[in-house]
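Chain by chain, the residues:
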Amino acid sequence: MRDEPSPGTRAALPIPALIAEALAGEMARDPSVLLLGEDVGRLGGVFGASRGLLERFGPDRVMDMPIAEMAFTGMGVGLAMAGMRPVVEIMFADFVGVCLEQMVNAAAKIPFMSGGRQRVPVVFKTAGGCIGSAAQHSQCLWGLFGHLPGMKVVVPSSPMDHKGLMAAAIRCDDPVLFVEHKRLLLSKARDSLQGAEVPEGEVVTPIGRARVARAGGDVTVATLSLGVEHALRAAAEVAPEGIGAEVIDLRSVVPLDMETVCASVARTGRLLVVDEDYLSFGLSGEVVARCLEALGPGALRQVGRLAVPDVPIPAALPLERAVLPGPEAIAARLRAMAVGA
Amino acid sequence: MRPNDPRILRHRRMLEMRAFDEACLEALRRGEIHGELHTGINQEAIGAAMAESLRPGDAVVSTHRNHFHALAKGVPARALLAEILERETGLCRGRGGHMHPFHPPTNFSATGIVGASLPVALGYAQAFRLRGEDHVAVGVTGDGGSHTGAFHETLVIAGARRLPLVVLVENNALAISVGFGDVSPTATVAERAGAWGARGMLVDGTDVDATAEAFAAAMEQARGGGGPVLLEATCTRARGHFEGDPDTYRTREEKRRLREERDPIALHRARLLAEGVGADALDRMAAEVRAETARLLEAVRADPLPDPAGAALYLWAEEA
Ligand SMILES: Cc1ncc(C[n+]2csc(CCOP(=O)(O)OP(=O)(O)O)c2C)c(N)n1
């Protein structure tokens with residue numbers, strides 16, 4: 001008799017275990033895939049996203065690095081240019097400050113500067129988002145990398161996408177920044193409002209296609225990462241009041257799937273962008289501008305942005321709550337925008 | 001026991017530092033501190049040693065594990081604890097939190113970015129030189145931070161300019177799970193000093209007497225215009241990297257051994273007892289310190305949290 005896994009066993013998996021499955025799957029499939037970073041080996045990652053990989057693939061393919069991000073980020077670039085497929089873990093997104101040179105001036109520019117002749121298939125894997133850790137350990141920064149040309153910026157939200165988008169990022173021939181959210185990394189598949197079931201075998205989610213996480217006819221909410229969970233909560237809260245919110249998980253900042261957003265906005269005429277990154281010069285303004293360009297300035301009856309109001313994340317929890325776009329703030333904005341729906 | 005005996009004072013300082021971090025642990029258990037709290041338990045000897053030679057005008061730029069360095073620099077314990085508990089009465093009005101305490105009056109600051117303390121300390125050192133002041137800048141880092149580019153670049157500039165800088169490396173042999181021996185190209189950090197024309201010093205950072213002497217010598221050289229000093233103090237980390245770290249990369253036995261054999265307070269107590277200091281007197285001192293710290297925590301717990309209406313304040317000078 002075989003032991004069948006009881007239903008729900010996989011739903012109890014922590015989100016990082018799903019990332020580890022993707023990494024293991026790709027490493028097994030392609031011997032050029034490597035993982036390097038701080039605490040990725042013996043510890044299996046500070047969130048557990050590489051647990052078991054050192055034991056399975058050995059120290060030549062899973063490398064614990066000293067705190068020398070500039071060198072090992074550049075090492076990732078060199079490894080990629082030399083024909084390998086490195087996944088470089090930069091523990092928290094905030095720490096890119098110390099290795100931005102290699103990400104921006106090397107990884108993101110070399111494919112272009114070489115006239116398309118040099119590929120740099122490196123994945124920079126990092127955790128962003130707020131969990132009460134103050135200004136230097138809370139940023140998302142996907143907008144920054146959306147602004148700087150040359151890197152795909154992939155941001156998973158659902159349990160499925162943590163696995164599927166990681167696999168796709170590794171297979172991608174371009175440099176990819178993969179930004180996880182710490183709050184999601186600390187959760188289990190079954191905590192998600194977006195479905196807990198993720199196949200044990202291979203999952204590859206194409207990069208660049210947004211997903212309608214909830215259908216609705218009155219207001220389009222474009223968001224990503226933990227924002228999708230918050231928006232789904234808010235949408236459920238206002239639904240009994242007759243407000244239909246359509247929640248779109250953008251899934252990537254680069255490329256930005258405006259087709260899906262615009263198709264929705266063309267129906268609803270109302271667009272709310274929810275972003276845990278900073279408000280100004282970022283994703284929220286970009287989505288609104290592209291929508292207006294595509295549909296014409298008359299297409300929107302209502303437009304709104306909820307993002308961090310251009311301040312670093314404060315330490316004290318009541319202050320952090322005040323600057324984050326949580327479910328209550330989203331629900332309030334939906335009510336205000338749906339007037340006349 | 002002579003209360004003004006510097007060795008007794010040293011011992012008391014270590015007790016105060018440990019009690020301070022134990023108060024933080026208690027506040028954390030009550031949900032009054034958020035994020036990744038890093039304690040310095042078992043690293044008290046270094047903080048206590050620093051306290052003896054730091055002068056008011058000197059600068060200290062510290063790390064994520066900064067409480068003892070702040071206390072050593074003379075940052076008021078109440079406002080420091082209030083900041084760690086995210087109160088409006090804290091050093092930074094609850095905006096910075098435990099990883100980011102700033103206290104301009106004592107030239108104390110810290111950063112949560114590993115290695116990033118050192119270039120800032122370099123800036124203080126250059127300012128002291130420009131103004132002809134005989135202050136010293138101390139940049140603190142862990143062993144992990146000694147592998148960063150910032151560490152190297154700081155010492156290049158400090159060495160070439162002979163700046164009054166002490167780079168203090170608290171080598172607790174671990175950077176989260178990564179062992180110093182597994183990633184360092186050299187057996188010690190101190191031996192790298194020659195590359196930058198700095199003086200390298202290595203001391204057992206669990207021996208408060210030896211560390212106080214070494215730190216004093218380092219400060220004296222830097223203050224006297226002798227150029228930068230790289231002082232490495234070896235020690236151990238008794239708890240996980242941060243509170244909540246499952247710390248599965250070490251065995252229980254290993255941690256027990258560290259707590260029993262490399263606890264700087266226990267080591268110093270044994271030395272004092274052997275020299276004839278009475279156990280009763282040391283016990284009384286410990287009880288006194290615990291009681292004082294408990295009162296401090298109670299006082300801070302009564303302080304208000306910041307008003308959410310002010311969440312976006314203090315980005316610009318005119319709001320301060
Ligand atoms: C640039 C940067 N990289 C990574 C981290 C995450 N991190 C925080 S503390 C730490 C280990 C630091 O080790 P060490 O310098 O030896 O100090 P210790 O924690 O042992 O006191 C790491 C990797 C960070 N804060 N900043």
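Please read all numbers here as calculations on a predicted model, not as lab measurements. (Residues numbered from 1 in each chain as written. Chains lettered and ligands numbered in written order. Predicted model: local features only at pLDDT ≥ 70, side-chain atom pairs only at ≥ 80, totals over all residues. Heavy atoms only, no water.)

(A) Here's a closer look at the domain arrangement of chain A. Residue and element names in this part refer to chain A. In terms of domains, chain A is made up of domain 1 (15-191) and domain 2 (211-339). If you average the C-alpha positions of domain 1 and of domain 2, the two centres end up 26 Å apart. Opposite the 30 residues of domain 1 that make contact, domain 2 presents 24 residues. Roughly 2,000 Å² of surface becomes buried between domain 1 and domain 2 when both sides are summed, with 58% attributable to carbon and sulfur atoms. Together, Cys-130, Trp-142 and Ser-157 form the three largest contributors to the area buried by domain 1 at its contact with domain 2, with a combined 26%. At the junction of domain 1 with domain 2, the criterion picks out one salt bridge. Notably, a salt bridge pairs Asp-161 with Arg-251, separated by 2.7 Å at the nearest N-O pair. At the surface where domain 1 touches domain 2, the tally comes to 13 residue pairs in polar contact (both at pLDDT 80 or more). Those elements that provide at least two residues to the side of domain 1 that touches domain 2 are helix H6 (142-147), strand E5 (152-154), helix H7 (159-171) and helix H8 (182-185). If you tally residues by element for the side of domain 1 that touches domain 2, the top one is H6, at five residues. Of the residues that constitute the side of domain 1 that touches domain 2, the class distribution is 16 nonpolar, ten polar and four charged. (Domains from an automatic or database assignment. Contact = heavy atoms within 4.5 Å. Buried area = accessible area lost by both parts, 1.4 Å probe. Salt bridge = Lys/Arg side-chain N within 4 Å of Asp/Glu carboxyl O. Polar contact = N/O pair within 3.5 Å; in protein donor to acceptor, adjacent residues only side chain to side chain. Helix = DSSP H or I, 4+ residues; strand = E, 2+ residues; numbered from the N terminus. Nonpolar A, V, L, I, M, F, W, Y, C, P; charged D, E, K, R; others polar.)

(B) Spatial organisation of the site of the ligand. Residues in contact with the ligand amount to 21 residues; listed here are only the nearest, A:Glu69, B:His64, B:Arg65, B:Gly112 and B:Gly144. B:Arg65 has a polar side-chain atom sitting 2.7 Å from an oxygen atom of the ligand. Within the contact set of the ligand, an oxygen atom lies 2.8 Å away from a side-chain nitrogen or oxygen of B:Asn172. Expressed as a share of its isolated accessible area of 580 Å², the protein-covered part of the ligand is 97%. In the shell around the ligand, the residues fall into nine nonpolar, eight polar and four charged. (Near = heavy atom within 4 Å. Areas by Shrake-Rupley, 256 points an atom, 1.4 Å probe, with all protein chains shown as cover.)

(C) Representation of helix H11 (residues 279-301) of chain B within the structure. All names here are of chain B. The first and last C-alpha atoms of H11 sit 33 Å apart over 23 residues, in line with the 33 Å expected at 1.5 Å per residue. When H11 is considered as a whole, its buried residues turn out to be Ala-281, Leu-282, Met-285, Ala-286, Val-289, Thr-293, Leu-296, Leu-297 and Val-300. Contacts from the buried residues of H11 go to helix H1 (6-29), helix H4 (77-84) and helix H10 (264-274). (Expected span 1.5 Å × (residues − 1). Buried < 20%, exposed > 50% of the residue type's maximum accessible area, 1.4 Å probe, protein only.)

(D) Spatial organisation of the sheet that holds strand E2 (residues 62-64) of chain A. Residues and elements named next belong to chain A. What the seven strands build is an open sheet, ordered E2-E1-E3-E4-E6-E5-E10; its pairing is mixed. Both edges of this open sheet fall to E2 and strand E10 (252-254), since each of them pairs with a single strand only. Strand-to-strand twist across the sheet, computed as the mean angle between neighbouring axes with direction ignored, equals 20°. The strands touched by helix H3 (residues 69-81) within the sheet are strand E1 (33-37), E2, strand E3 (85-92) and strand E4 (123-128), with E3 carrying the most contacts at an inclination of about 165°. (Pairing = 2+ DSSP bridges. Axes fitted to C-alpha atoms, helices over the stretch in contact; angles between N-to-C directions.)

(E) Focus on the pattern of salt bridges. Residues and elements named next belong to chain B. Under the criterion given, the structure shown has 48 salt bridges over all chains. Linking Asp-207 and Arg-271 is a salt bridge whose minimum nitrogen-to-oxygen distance equals 3.0 Å. Within this pair, whereas Asp-207 is found in the loop between strand E7 (199-204) and helix H8 (208-223), its partner Arg-271 is found in helix H10, the two being separated by 64 residues in sequence. Residue classification places Asp-207 among the buried positions, given a relative accessible area of 18%.

(F) Representation of the layout of surface pockets. Empty space within the second largest pocket amounts to approximately 470 Å³. The wall of the second largest pocket is formed by 18 residues, among which A:Pro312, B:Cys92, B:Arg95, B:Gly96 and B:Tyr314 lie closest to the centre. (1 Å grid on protein atoms, 1.4 Å probe; cavity = no way out; pocket = protein on both sides within 12 Å on 5 of 7 lines; lining within 4 Å. Points joined across faces, edges and corners; volume = space filled by probe spheres on them.)

(G) Expanded view of the environment of A:Glu180. All names here are of chain A. Within the fold, Glu-180 resides in strand E6 (residues 176-181). Of the residues examined, Glu-180 reaches a relative accessible area of 2% and is grouped as buried. Through-space distance from the C-alpha of Glu-180 to that of Glu-38 is 16 Å; in sequence the pair is 142 residues apart. Excluding residues within four positions of it along the chain, Glu-180 makes contact with Ile-19, Lys-125, Thr-126, Ala-127, Gly-128 and Leu-185. A polar contact is formed between the side chain of Glu-180 and the side chain of Lys-125, at a distance of 3.0 Å.

(H) Seen up close, the packing of aromatic side chains. In the structure shown here, the tally under the stated rule is four aromatic pairs over all chains. With centroids separated by 5.5 Å and ring planes inclined at 10°, the aromatic side chains of A:Phe92 and A:Phe95 adopt a geometry described as stacked. You'll find A:Phe92 and A:Phe95 in the same group, each marked buried. Taken together, A:Phe47, A:Phe92 and A:Phe95 form an aromatic cluster joined through their ring pairs. The ring of A:Phe92 has A:Lys182 lying over it, and the distance from NZ or CZ to the ring centre is 4.7 Å. Over the aromatic face of B:Tyr314 sits the side chain of B:Arg93, whose NZ or CZ is 4.0 Å from the ring centroid. (Phe/Tyr/Trp six-rings, centres within 6.5 Å; stacked < 30°, edge-to-face > 60°. Lys NZ or Arg CZ within 6 Å of the ring centre and 35° of its normal.)

(I) Highlighting the sheet that holds E7(B). All names here are of chain B. Reading across the sheet, the six strands line up as E2-E1-E3-E4-E8-E7 and stay open at both edges, with parallel pairing between neighbours. Of all the strands in the sheet, the pair left with one neighbour each is strand E2 (108-110) and E7. In this sheet, neighbouring strand axes are inclined to one another by 20° on average, regardless of whether the strands run parallel or antiparallel. Here six bridges tie strand E3 (residues 137-142) to strand E4 (residues 165-171), and the two strands are oriented parallel to one another. If you follow Val-138 over to E4, its bridge partner there is Val-166. Packing against the sheet, helix H5 (residues 117-130) makes contact with strand E1 (59-62), E3 and E4, and its axis sits at approximately 170° to E3.

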